[in-house]
Amino acid sequence: FTWIELRDALRSGTTTIIVPVGGTEQNGPHMALGKHNLRARLLSARIAGELGQTLVAPVIAYVPEGRIEPPGGHMRFPGTISVPEAAFQAVLEGAARSFRQAGFRDIVLLGDSGNYQAQLQGVAGKLNREWAGTKVRVHFIAEYYRATQGPYIQALREKGLSASQIGTHAASADTSLLLALDATAVRTQRLALTDEPSSGVAGDPRAASSELGMIGVELIVARSVAAIRQALSRH
């Protein structure tokens, strides 16, 4: 988009924008550092396509990932980028204010990782209280991330995957989603059952496949679209 094209889209009624929030963290020896950024961008595009008259903002790639010094969590691995929670919230708020200034009426926050869901909700609540007398609203869509948890995990169990195969980080659930969306970001020759302290993997990624990942993609898109439509109808 040029600014002229964006202006014209707004004038023609495209006043909803999705703000995808990703994260830059280690994902084991077999997945790209920007897993969450890729997923957030590609899934948001699918969701916007289903909704119609919806644009997608650039992905917010720098998020809180844990203590930097001394390093904790994912920060123990090279390539992870962490920012303070206050800085993250300020970026979200500044982006939302920018979209309001441009003319968007519905600003949708979608977060691909679980560690900042509360901050997304908090920023949405703060701005909605401030903008209560206006036509602009910020919608935090918790269903986007929730779909990757209960519904997707249950579907994988029904396909015969064990709890250790599903895992909690960079295992078969995570890896399958990325295979379905962008297989070039997965090093399939490096799939291995390894323990989290040494490799960054929590679980067994060897059962991952794009077919399993598409189950998750469809769940995320369908549930997010339904939740956004409900939020827009209330607005």
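Structure first, text after, so check above.
First, a word on what this report is: a plain description of the structure on this page. (Residues numbered from 1 in each chain as written. Predicted model: local features only at pLDDT ≥ 70, side-chain atom pairs only at ≥ 80, totals over all residues. Heavy atoms only, no water.)

1. Digging into the pattern of salt bridges
By the definition in use, this model includes 9 salt bridges. With a closest N to O distance of 2.9 Å, R39 and D112 form a salt bridge. Note that R39 is positioned in helix α2 (residues 35-51) and D112 in the loop between β3 (106-111) and α4 (117-130), a separation of 73 residues in sequence. Taking relative accessible area as the criterion, R39 reaches 3% and is therefore assigned buried. Each of K35, R39, D112 and D174 takes part in one network of salt bridges that share partners. (Salt bridge = Lys/Arg side-chain N within 4 Å of Asp/Glu carboxyl O. Helix = DSSP H or I, 4+ residues; strand = E, 2+ residues; numbered from the N terminus. Buried < 20%, exposed > 50% of the residue type's maximum accessible area, 1.4 Å probe, protein only.)

2. Observations concerning the packing of aromatic side chains
Overall, the coordinates contain 2 aromatic pairs when judged by the stated rule. Between the aromatic rings of F88 and Y116, the centroid separation amounts to 5.4 Å while the plane-to-plane angle is 45°, which identifies the pairing as tilted. Residue F88 is found in helix α3 (residues 85-102), and its partner Y116 is found in the loop between β3 and α4; the two are separated by 28 residues along the sequence. Y116 shares its class with F88; the two are buried. Taking the centre distance of 5.9 Å and the plane angle of 90° together, the rings of F99 and F104 count as edge-to-face. (Phe/Tyr/Trp six-rings, centres within 6.5 Å; stacked < 30°, edge-to-face > 60°.)

3. Points about helix α6 (residues 150-158)
For α6, every residue scored as buried is listed here: Y152, A155 and L156. For α6, the buried positions fall inside an angular range of 100° around the axis, keeping them on one side. The elements touched by buried residues of α6 are α7 (163-166), α8 (172-181) and α10 (210-234). With its phi angle positive at about 100°, G160 sits one or two positions after the end of α6. (Arc of directions from axis to C-beta. Contact = heavy atoms within 4.5 Å.)

4. Thoughts on the side chain of T148
Looking at the element boundaries, T148 is found in the loop between α5 (143-146) and α6. Polar side-chain contacts of T148 include one of 2.6 Å to the backbone oxygen of Y145. Look past the residues within four positions of T148 in its chain and what remains in contact with it is I153 and I220. (Polar contact = N/O pair within 3.5 Å; in protein donor to acceptor, adjacent residues only side chain to side chain.)

5. Observations regarding α8
Of all 10 residues that make up α8, 10 are buried, and the element is covered over most of its length. By the burial criterion, the buried members of α8 are S172, A173, D174, T175, S176, L177, L178, L179, A180 and L181. Tucked inside the fold, the buried residues of α8 contact α2, α6, α7 and α10.

6. Comments concerning the sheet that holds strand β4 (residues 137-140)
Pairing in this open sheet of 4 strands is parallel, and the strands run β2-β1-β3-β4 from one edge to the other. The two strands at the open ends of the sheet, each matched to only one other strand, are β2 (54-56) and β4. Neighbouring strand axes in the sheet, compared pairwise and without regard to direction, differ in orientation by 25° on average. For β3 and β4, the ladder comprises 4 bridges, and the chain directions are parallel. The residue of β4 that forms the bridge with L109 is F140. Each of β1 (16-21), β2 and β3 is contacted by α2, which is oriented at about 160° to β1, the strand it contacts most. (Pairing = 2+ DSSP bridges. Axes fitted to C-alpha atoms, helices over the stretch in contact; angles between N-to-C directions.)

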